[in-house]
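If you want the building blocks of each chain, they are given just below.
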Amino acid sequence: MVIVKRKELSLAEKLYLPEVVRGLSVTFRKMFEKPITRQYPEEPLEKTEVTRGQPRLVVKEDDSIACVSCGLCEAACPAYAITIDGGETDRAIEREPKRFDIDMLRCILCGFCEEACPKDAIFMSDELELADYSREALIYNIEKLKRPQAALQQRIDYVKKINTRWQTPSST
Ligand code: SF4
Ligand code: SF4
């Protein structure tokens, strides 16, 4: 049998005084440092081209959406948040979505839909706030997803810029 000799604790150690003093010294030091707490929502987060908020459908200048209901974003979505029903049109673009829903409670803002879209029809907006009174209200349909191109232009330009890294010199 091995007997482990334990150090005899002093009275101060038994009362956790060294830890208390160390903890209070940290608290005291922090009291005089500049606070880093953000008073949200009065102090909102800074939004930049890199901000990946909720996905939105681009509305072009002729008031139509660029989506041709190919379903690639639906297939790419890892959260199964997108539901699309395609339909025919009489326009040059023969297909458009009759139904395009994104369940915002499922969406994890990953941006895969943006990357998958071959028509530049869906982009990540800088809209981060999400609140409502029912689950149904947070399933966004086409009308709730539409945003004018100008509102998404900063993100569109950024995505186009970073995508040039995949282009070979001959394809530019
Ligand atoms: S951002 Fe990601 S999770 Fe959200 S709809 Fe697009 S692919 Fe799905
Ligand atoms: S948003 Fe893009 S990827 Fe999704 S269905 Fe429309 S065209 Fe296809």
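Rules used in this analysis
Residues numbered from 1 in each chain as written. Chains lettered and ligands numbered in written order. Predicted model: local features only at pLDDT ≥ 70, side-chain atom pairs only at ≥ 80, totals over all residues. Heavy atoms only, no water. Near = heavy atom within 4 Å. Nonpolar A, V, L, I, M, F, W, Y, C, P; charged D, E, K, R; others polar. Pairing = 2+ DSSP bridges. Helix = DSSP H or I, 4+ residues; strand = E, 2+ residues; numbered from the N terminus. Bend = angle between axes of the 7 residues up to and from the residue. Buried < 20%, exposed > 50% of the residue type's maximum accessible area, 1.4 Å probe, protein only. Contact = heavy atoms within 4.5 Å. Salt bridge = Lys/Arg side-chain N within 4 Å of Asp/Glu carboxyl O. Axes fitted to C-alpha atoms, helices over the stretch in contact; angles between N-to-C directions. Patch = residues over 30% accessible without salt bridge, like charges linked within 9 Å, V, L, I, M, F, W, Y side chains within 5 Å. Areas by Shrake-Rupley, 256 points an atom, 1.4 Å probe, with all protein chains shown as cover.

**Observations concerning the site of ligand 2**
The full set close to ligand 2 counts 14 residues, and Cys67, Cys70, Gly71, Cys73 and Cys117 are the nearest of them. For the shell around ligand 2, the class distribution of residues is 11 nonpolar, 2 polar and 1 charged.

**Here's the deal with the sheet that holds strand 2 (residues 82-88)**
Ordered in space as 2-3-5, the 3 strands form an open sheet in which the pairing is antiparallel. If you trace the sheet from one side to the other, it starts and ends with strand 2 and strand 5 (139-140), each paired once. For strand 3 (residues 95-103) and strand 5, the ladder comprises 2 bridges, and the chain directions are antiparallel. By the bridge assignment, Ile102 is partnered in strand 5 with Tyr140.

**Some points on helix 6 (residues 149-163)**
Taken as a whole, helix 6 carries its principal kink of about 35° at Arg155. Of the residues making up helix 6, those classed as buried are Leu152, Arg155, Ile156, Tyr158 and Val159. Here the buried face of helix 6 lies against strand 1 (55-59), helix 4 (112-116), strand 4 (122-124) and strand 6 (146-148).

**Quick word on the pattern of salt bridges**
Inspection of the entire model under this criterion finds 14 salt bridges. Residues Lys98 and Glu96 are paired through a salt bridge, measuring 3.4 Å at the closest nitrogen-oxygen approach. The exposed category is assigned to Lys98, whose relative accessible area is 52%. According to the relative accessible area criterion, Glu96 is partly exposed, its value standing at 23%.

**What to know about the sheet that holds strand 1**
The strands making up a sheet associate through backbone hydrogen bonding, with each pair oriented either parallel or antiparallel. One open sheet accounts for 3 strands, arranged 4-1-6; its pairing is mixed. At either margin of the open sheet sits one strand with a lone partner, and together these are strand 4 and strand 6. Neighbour to neighbour, the strand axes of the sheet diverge by 50° on average, direction disregarded. In this structure, strand 1 lies alongside strand 6, joined through 3 bridges in parallel fashion. Along strand 6, the bridge assignment pairs Val58 with Arg147.

**Notes on a nonpolar patch on the surface**
Nonpolar side chains collect at one region of the surface, where Leu11, Leu15, Tyr16, Leu17, Val20 and Leu24 lie side by side and expose about 650 Å² of accessible area between them. Ranked by residue count, the leading element in the nonpolar patch is helix 2 (residues 17-31), at 3 residues. With respect to the helices and strands, the residue Val20 is situated in helix 2. A relative accessible area of 40% means that Val20 is categorised as partly exposed.

**A closer look at the pairing of strand 3**
Direction of pairing for strand 2 relative to strand 3: antiparallel, over a ladder of 7 bridges. Bridge pairing in strand 3 places Asp85 opposite Arg99. Hairpin connection from strand 2 to strand 3: 6 residues lie between these consecutive antiparallel strands.

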